[in-house]
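Here are the chains, one letter per residue:
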Amino acid sequence: MNTVDIVSPLAGSGKADFPLAKAARGALSLVKVSGQGCSDWRRAEDPPLPARGRGRGAGCRGGRLSRRAQSVSVGGRCGMAGSALLCAAVLLLLLAAGGAIPPPEEAARMARFVLHNCDWGALATLSAQDGLRGRPFANIFSLSDGPPGPFSGSGVPYLYLTDMEISVQDLEINSNASLTVSLAQTPYCKKHRYDPQNPLCAHIIFCGSIVKVNDSEAGLAKKALFSRHPEMETWPKDHNWFFAKFNITNIWVLDYFGGLKIVTPEEYYSVKP
């Protein structure tokens, strides 16, 4: 009897995904990688694992790994041993999760996926501070492109800022900035023993500028941020907090071997995350 092991490495962090499965055009493909005393699920399009360093358990550290593919059709074409129950479970898990990690050839979707699964990012400004004027200055900011869930991401990084913050003071002089988010911020890379600098631990670099949102967009920004960062509602009112967004002009994606991929804002916003 065939069985499918659903792996949810983001569980416990308020999110979940299926990073080792390919969910595209109504089909979820799971590839099981097994070796001496170990097994793991990987995306069907991922390269074969090397003999060392990628599996779970001591038995994965040596010997040649074999690949055994199984697939579950999703979206009305379910058919592994006629298991309707299994298919329903997969569908429910996909809907409750952040969705499957996109394949490497879908760079725009990968950018949307990584941003939506990150609650914070590294924002780099050009410092306006005495002694640092004009030098790069990176800082950490909470962000959100929408409430948690696979279909709620807008792709717009919203932030909650105050003029009292040192980086915001930089932005008042020069609003240009870069923003980096990475799956290293989630349990995904640790689970698969990917170093944060490993291309398979996908990260996205955005360039653009920070702008205050107008009144018509403030409600969207508030919902996006407060749904993920409820503590924000209790922050001191006398700090004069305001909603802002990262206005994206350039996007670089590093999610696979072979170098950075360039994604245009038009491509980025046109895809379904």
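Everything numeric in this text was worked out from a predicted model, so none of it was measured.

Reading guide: rules and limits
Every residue gets a number counted from 1 within its own chain, in the order that chain's sequence is written. Given that the model is predicted, a residue must reach a pLDDT of at least 70 before its local features are reported, and side-chain atom pairs must reach 80 or more before they are shown or counted; all residues, however, enter totals for whole chains, interfaces and linings. Excluding hydrogens and water, the side-chain values take into account all heavy atoms of the structure. Each reported salt bridge corresponds to a side-chain nitrogen of Lys or Arg within 4 Å of a carboxyl oxygen of Asp or Glu. Whether a residue is buried, partly exposed or exposed follows from its accessible area with a 1.4 Å probe, protein chains only, as a fraction of its type maximum: under 20%, in between, or over 50%, in that order. In these notes, a set of buried Ala, Val, Leu, Ile, Met, Phe, Trp, Tyr and Cys residues joined through side-chain atoms within 4.5 Å is what counts as a nonpolar core. In what follows, residue pairs with any heavy atoms lying within 4.5 Å of each other are defined as contacts. In summary, the pairing rule links any two rings of Phe, Tyr or Trp, Trp by its six-membered ring, whose centres are within 6.5 Å, and it sorts them by plane angle into stacked for under 30 degrees, edge-to-face for over 60 and tilted for everything else. Every helix listed is a DSSP run of H or I at least four residues long, and every strand listed is a run of E at least two residues long, numbered separately from the N terminus. Consider the ring centre and the ring normal. A charge sits over the ring if Lys NZ or Arg CZ is within 6 Å of that centre and within 35 degrees of that normal. Any pair of nitrogen or oxygen atoms within 3.5 Å is treated as a polar contact; in protein, a donor-acceptor pairing is required on top of that, and neighbouring residues in sequence qualify only through side-chain atoms on both sides. By convention in this document, the label disulfide applies to cysteine sulfur atom pairs within 2.5 Å.

Asks: It is not clear to me how the pattern of salt bridges should be interpreted in this structure. Could you clarify?
Replies: Close approach of charged atoms lets side chains of opposite charge pair. Scanning all chains against the criterion turns up five salt bridges. Taking the shortest distance from any N to any O, the salt bridge between K261 and D255 comes out at 2.7 Å. Among the residues examined, K261 registers a relative accessible area of 21% and is labelled partly exposed. Taking relative accessible area as the criterion, D255 reaches 2% and is therefore assigned buried.

Asks: How should the nonpolar core be read in this particular structure?
Replies: What tends to happen in soluble globular proteins is that the nonpolar side chains get buried as a cluster. Counting residues in hydrophobic clusters, the biggest one holds 37 residues, and the most contacted among them are V114, I204, F206, I210 and I251. Ignoring sequence-local partners within four residues, the contact set of I204 consists of M110, A111, V114, L179, T180, V181, I251, W252 and V253. Residues V156, L225, F226 and M232 belong to the second largest nonpolar core, which totals 10 residues.

Asks: I keep staring at the packing of aromatic side chains and nothing clicks. Help me out?
Replies: Given two aromatic rings, their pairing is described by the distance between the two centres and the angle made by the two planes. Applying the stated criterion across every chain yields a total of 10 aromatic pairs. Between Y160 and W241, the ring centres sit 5.3 Å apart and the planes meet at 20°, which makes this aromatic pair stacked. Taken together, the residues span a long stretch of sequence, with Y160 in strand β7 (residues 158–161) and W241 in the loop between α5 (215–228) and β10 (242–254) at a distance of 81 residues. Residue Y160 is classed as buried on the basis of its relative accessible area, which comes to 12%. The rings of Y160, F226, W235, W241 and F243 are connected pair by pair, giving a single aromatic cluster. Cation over ring: R112 sits above Y268, and NZ or CZ is 5.4 Å from the ring centre.

Asks: Could you clarify how one ought to interpret the side chain of S144 in this entry?
Replies: If you trace the backbone, S144 turns up in the loop between β6 (136–142) and β7. Accessibility expressed as a relative area gives 0% for S144, which makes it buried. There is a polar contact of 2.7 Å between the side chain of S144 and the backbone oxygen of A224. Other than its neighbours up to four places away in sequence, S144 contacts V156, P157, Y158, A224, L225 and R228.

Asks: Mind showing me how you'd approach the state of the cysteines here?
Replies: Disulfides are covalent bonds that connect the sulfur atoms of two cysteines. In the structure shown here, the tally under the stated rule is one disulfide. Each sulfur in the disulfide pair C189 and C201 lies 2.0 Å from the other. On the sign convention where negative is left-handed, the bridge of C189 and C201, at about 100° about the S-S bond, is right-handed. Of this pair, C189 sits in helix α4 (residues 187–191) while C201 is found in the loop between α4 and β9 (203–212), placing the two residues 12 residues apart along the sequence. Judged by its relative accessible area of 2%, C189 falls in the buried class. When its relative accessible area of 0% is taken as the criterion, C201 is described as buried. The cysteine C118 is free of any disulfide, with C189 supplying the nearest cysteine sulfur at 9.3 Å. The class of C118 is buried, set by a relative accessible area of 1%.

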